Amino acid sequence: MALKKISKNIKFEEALADLEATVDKLESGELPLEEAIEQFKYGTELSQICLEKLNRAKAEVEKLKTEAAAQDQVETEEFGDFEQETVSGDGTEE
């Protein structure tokens, strides 16, 4: 089964929804091996896109915070880091 190509302009919410649907398919355990591998690859690409979009948003917010703080307009708190989770061969998160 050929998976659809991921648009370079995909919105975060759309990529996240596709990723969640892909995870649901994989967790069902009903896919043939070859299709499961393709779905896993697709999910990995979506996960990377989501992570990149979150990191860009974080950088933009940090820039805005710095600019506002320089003008003494806003009190800020630190953002937590977005970390990429890895999945081991047995399907558990590491």
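Please refer to the structure placed before this passage.
Residues numbered from 1 in each chain as written. Predicted model: local features only at pLDDT ≥ 70, side-chain atom pairs only at ≥ 80, totals over all residues. Heavy atoms only, no water.

Side note on the overall build of the chain
Next up, step 1: Along the chain, the regular secondary structure elements total two helices and zero strands.
Next up, step 2: Looking at the chain as a whole, 19% of its 94 residues are labelled buried.
Next up, step 3: Of all intrachain contacts in the chain linking residues separated by at least 6 positions in sequence, the fraction that spans at least 24 positions is 57%.
Next up, step 4: In the structure as shown, the chain presents an accessible area of about 7,600 Å², 51% of it carried by carbon and sulfur atoms. (Helix = DSSP H or I, 4+ residues; strand = E, 2+ residues; numbered from the N terminus. Buried < 20%, exposed > 50% of the residue type's maximum accessible area, 1.4 Å probe, protein only. Contact = heavy atoms within 4.5 Å. Areas by Shrake-Rupley, 256 points an atom, 1.4 Å probe, with all protein chains shown as cover.)

What about the layout of surface pockets?
Next up, step 1: Space inside the second largest pocket adds up to approximately 230 Å³.
Next up, step 2: Lining the second largest pocket are 15 residues; nearest its centre among them are Lys 5, Ile 6, Ser 7, Glu 45 and Ile 49.
Next up, step 3: Partitioning the lining of the second largest pocket into residue classes produces five nonpolar, one polar and nine charged. (1 Å grid on protein atoms, 1.4 Å probe; cavity = no way out; pocket = protein on both sides within 12 Å on 5 of 7 lines; lining within 4 Å. Points joined across faces, edges and corners; volume = space filled by probe spheres on them. Nonpolar A, V, L, I, M, F, W, Y, C, P; charged D, E, K, R; others polar.)

Examining the environment of Leu 19
Next up, step 1: Tracing the chain through its elements places Leu 19 in helix H1 (residues 12–28).
Next up, step 2: Classification of Leu 19 as buried rests on a relative accessible area of 17%.
Next up, step 3: Between the C-alpha atom of Leu 19 and that of Glu 45, which follows or precedes it by 26 residues, the distance is 9.0 Å.
Next up, step 4: Sequence-distant contacts of Leu 19, defined by excluding residues within four places in its chain, comprise Gly 43, Leu 46 and Ser 47.

Focus on the nonpolar core
Next up, step 1: In this structure, Ile 6, Ile 10, Ala 15, Leu 19, Tyr 42, Leu 46, Ile 49 and Cys 50 together form the largest nonpolar core, which totals eight residues.
Next up, step 2: Of all the elements in the fold, those that place two or more residues in this core are H1 and helix H2 (33–70).
Next up, step 3: Ranked by residues supplied to this core, first place goes to H2 with four residues.
Next up, step 4: Contact partners of Cys 50, with chain neighbours within four places excluded, come to Phe 12, Ala 15 and Leu 16. (Core = buried A, V, L, I, M, F, W, Y, C linked by side-chain atoms within 4.5 Å.)

Let's talk about H1
Next up, step 1: For H1, which comprises 17 residues, the first-to-last C-alpha distance of 24 Å matches the rise-based estimate of 24 Å (1.5 Å per residue) to within 8%.
Next up, step 2: If you check which residues of H1 are buried, you get Ala 15, Asp 18, Leu 19 and Thr 22. Within H1, the buried residues cover an arc of 105° as seen down the axis, which keeps them to one side. More than 90 degrees from the buried face of H1, the exposed residues found are Glu 13, Asp 24 and Glu 27.
Next up, step 3: On its buried face, H1 sits against H2.
Next up, step 4: Following H1 by one or two positions, Gly 29 adopts a phi angle in the positive range, close to 75°. (Expected span 1.5 Å × (residues − 1). Arc of directions from axis to C-beta.)

A few points about the pattern of salt bridges
As a working rule, side chains carrying opposite charge can pair if their charged atoms are close by.
Next up, step 1: Applying the stated criterion to the full structure yields two salt bridges.
Next up, step 2: Here Lys 41 ties to Glu 38 by a salt bridge, and the two come within 3.6 Å at their closest N and O atoms. Pair noted here: Lys 41 and Glu 38 are both in helix H2, with a separation of three residues, about one helical turn.
Next up, step 3: Judged by relative accessible area, which is 28%, Glu 38 ranks as partly exposed. (Salt bridge = Lys/Arg side-chain N within 4 Å of Asp/Glu carboxyl O.)

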